[in-house]
Amino acid sequence: MANYDYLIVGAGLYGAMFAYRAHHSGKRCLVIDRRHSLGGNLYCEEIEGIHVHSYGPHIFHTSSRRVWDFVNSITPFNSFVNCPIADYHGERYNLPFNMNTFRQMWGVEDPGEAKAIIEAQRAEVLKKMEADGATEPRNLEEQALALVGRDIFEKLVKGYTQKQWGRKCSDLPASIIKRLPIRFTYDNNYFNDTFQGVPIGGYNKLIEGLLDGIETRTDVDFLEHRAELSSYADKVVFTGPLDEYFGFCYGHLEYRSLRFEKEILDTPDYQGNAVVNYTDSETPFTRIVEHKHFAVGETAVSLSPRTVISREFSMEWKPGVEPFYPVNDKRNASLYLRYKDLADSMENVIFGGRLAEYKYLDMAPIVEKVLDINTF
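Report follows, based on the coordinates.

Moving on to the environment of R217. With respect to the secondary-structure elements, R217 resides in strand β9 (residues 215-217). Taking the relative accessible area as the measure of exposure, R217 reaches 31% and is therefore partly exposed. Here R217 is in contact with Y4, L30, V31, I32, D33 and Y232, once residues within four sequence places are set aside. A polar side-chain atom of R217 sits 3.0 Å from a polar atom in the side chain of E215.

Dropping the structure here:
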């Protein structure tokens, strides 16, 4: 006889949210994860008293009062505002592209000057495409040039994007960059959302709050013991890779992956900012994250005499490597739909989250999606 209503495979945000909603609807839940820790890619290590984002920086942002109030009811969030910096061969630029960026790049002072430069560069690109017989961008390079012009593309887009995807911009589909936000104001806030922040004390506080009172087990591989574990519950909620669940019967879905190099430094502040992107092609890593800057208002962290940084390296995914970013080209989109057809035919299995849905999902939409479930 099943001991649980739901066996939830994966203790990331989707799994933890689902467990929370089901538990508070009176359902019996068991949450398992094959990692040593709970929280999926939100997991934070504590090093030198600093909450280190082990799988890359996460900033929660939303314009939904409902979502913001919910996560703050689980654990309070601080007022961190994401204002990344771009480094191109030692030149520093504010992101996203705004009047500070344009002043640093061209020395212009007012929006009209910046708009004129960008429009002139865009016109050159569009004219060349027209001469080549192209009615729309044929690859990512043409798409980016048509959006922001050559100067911004060459210094702030090209090298970073090629490192991130491991391919030339001219070999990547235009669909990867649907838009590149440009602001003609002196506003360095990366997000346009009404609310943003990071949990006080790190993301482990959020996951612990969501899973409070729910049985959890780590170091458990569901796919190795599928029959036994599935018998524990009436339904399975699977948040792992969709193709892996079905034994890669149609082949592997592709991802980009990441590697992180952490370093403890004997200085209270290394770069003066949480995130610095390295946008040239020669620097092997894509960015440096200094984790103590996420801890807004946490005096003990800010006064620490040491700091922790992470260098982030983009890498090609292969089986056995942690998948991060879906490769949303035609081949993978078609393959995903074949797997989705299989998933939709499963009566007692629910598939959810970035790996099971094969899409990059921000945190707030995941929270909102699970809050909207009303069939527990």
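On to the state of the cysteines, then. Summed over all chains, the structure comprises 0 disulfides. Here C44 stays unpaired: no disulfide links it, and the sulfur of C83, its closest cysteine neighbor, is 20 Å away. When its relative accessible area of 5% is taken as the criterion, C44 is described as buried.

Moving on: the pattern of salt bridges. By the definition in use, this model includes 29 salt bridges. Between R256 and E316 there is a salt bridge, and its shortest N-O distance comes to 2.6 Å. Of this pair, R256 sits in strand β11 (residues 255-265) while E316 sits in strand β14 (residues 307-316); the two residues are 60 residues apart in sequence, bridging distant segments of the chain. Note that E322 is salt-bridged to R354, the shortest N-O span being 3.8 Å. Here the residue E322 occupies a position in the loop between β14 and β15 (325-326), and R354 occupies one in the loop between β16 (349-351) and α12 (363-371), the gap between them amounting to 32 residues. Connected through shared salt-bridge partners, K128, D132, R138 and E142 make up one network.

For the rest of this paragraph, the subject is the sheet that holds strand β7 (residues 91-94). One open sheet accounts for 7 strands, arranged β7-β6-β12-β13-β14-β11-β15; its pairing is mixed. A strand with exactly one partner marks an edge of an open sheet, and here the two such strands are β7 and β15.

Right, let's talk about empty space enclosed by the protein for a bit. Tallied over the full model, the rule gives 1 cavity of 30 Å³ or more. The volume enclosed by the largest cavity comes to roughly 40 Å³. Together, H51, H53, V198, P199, G202, H291, F294, A295 and E298 line the largest cavity.

Turning our attention to the sheet that holds strand β10 (residues 233-238). One open sheet holds the 5 strands; their spatial order is β9-β2-β1-β10-β16, and the pairing between them is parallel. Only two strands of the sheet have a single neighbouring strand rather than two, namely β9 and β16. The average angle at which neighbouring strand axes cross in this sheet is 20°, direction not considered. The pairing of strand β2 (residues 29-32) with β9 spans 3 bridges and is classified as parallel. When the sheet's bridge partners are listed, V31 is paired in β9 with T216.

Mapping R21 onto the fold places it in helix α1 (residues 13-23). No salt bridge is formed by the buried R21, whose closest oppositely charged neighbour, D372, lies at an N-O distance of 7.0 Å. Not counting residues up to four positions away in its chain, the partners in contact with R21 are V370, L371, D372, I373 and F376.

This paragraph deals with the nonpolar core. Of all hydrophobic cores here, the largest spans 56 residues; its most connected members are L7, F97, I152, F222 and F351. Ranked by residue count, the leading element in this core is helix α6 (residues 150-165), at 5 residues. Discounting residues that sit within four places of it in the chain, L7 has contacts with L30, I32, F222, L229, S230, A233, K235, V236 and V237. Grouped together as the second largest cluster of nonpolar side chains are 46 residues, L13, A22, V67 and L371 included.

Across 5 bridges, the pairing between strand β1 (residues 4-9) and β10 is parallel. Pairing of V9 across the sheet is with F238, part of β10. Pairing of β10 with β16 involves 3 bridges; the strand directions are parallel. Each bridged residue has a counterpart across the sheet, and for V237 the counterpart in β16 is I350.

Bringing helix α7 (residues 203-210) into the picture now. Residues that lie three or four places apart on an α-helix share one face, since the helix turns once every 3.6 residues. What α7 keeps buried is the set Y203, L206, I207 and L210. Buried residues along α7 cover an arc of 95° about the axis, so they all sit on one side.

Definitions and cut-offs
Residues numbered from 1 in each chain as written. Predicted model: local features only at pLDDT ≥ 70, side-chain atom pairs only at ≥ 80, totals over all residues. Heavy atoms only, no water. Helix = DSSP H or I, 4+ residues; strand = E, 2+ residues; numbered from the N terminus. Buried < 20%, exposed > 50% of the residue type's maximum accessible area, 1.4 Å probe, protein only. Contact = heavy atoms within 4.5 Å. Polar contact = N/O pair within 3.5 Å; in protein donor to acceptor, adjacent residues only side chain to side chain. Disulfide = S-S within 2.5 Å. Salt bridge = Lys/Arg side-chain N within 4 Å of Asp/Glu carboxyl O. Pairing = 2+ DSSP bridges. 1 Å grid on protein atoms, 1.4 Å probe; cavity = no way out; pocket = protein on both sides within 12 Å on 5 of 7 lines; lining within 4 Å. Points joined across faces, edges and corners; volume = space filled by probe spheres on them. Axes fitted to C-alpha atoms, helices over the stretch in contact; angles between N-to-C directions. Lys, Arg positive; Asp, Glu negative; His and termini not counted. Core = buried A, V, L, I, M, F, W, Y, C linked by side-chain atoms within 4.5 Å. Arc of directions from axis to C-beta.

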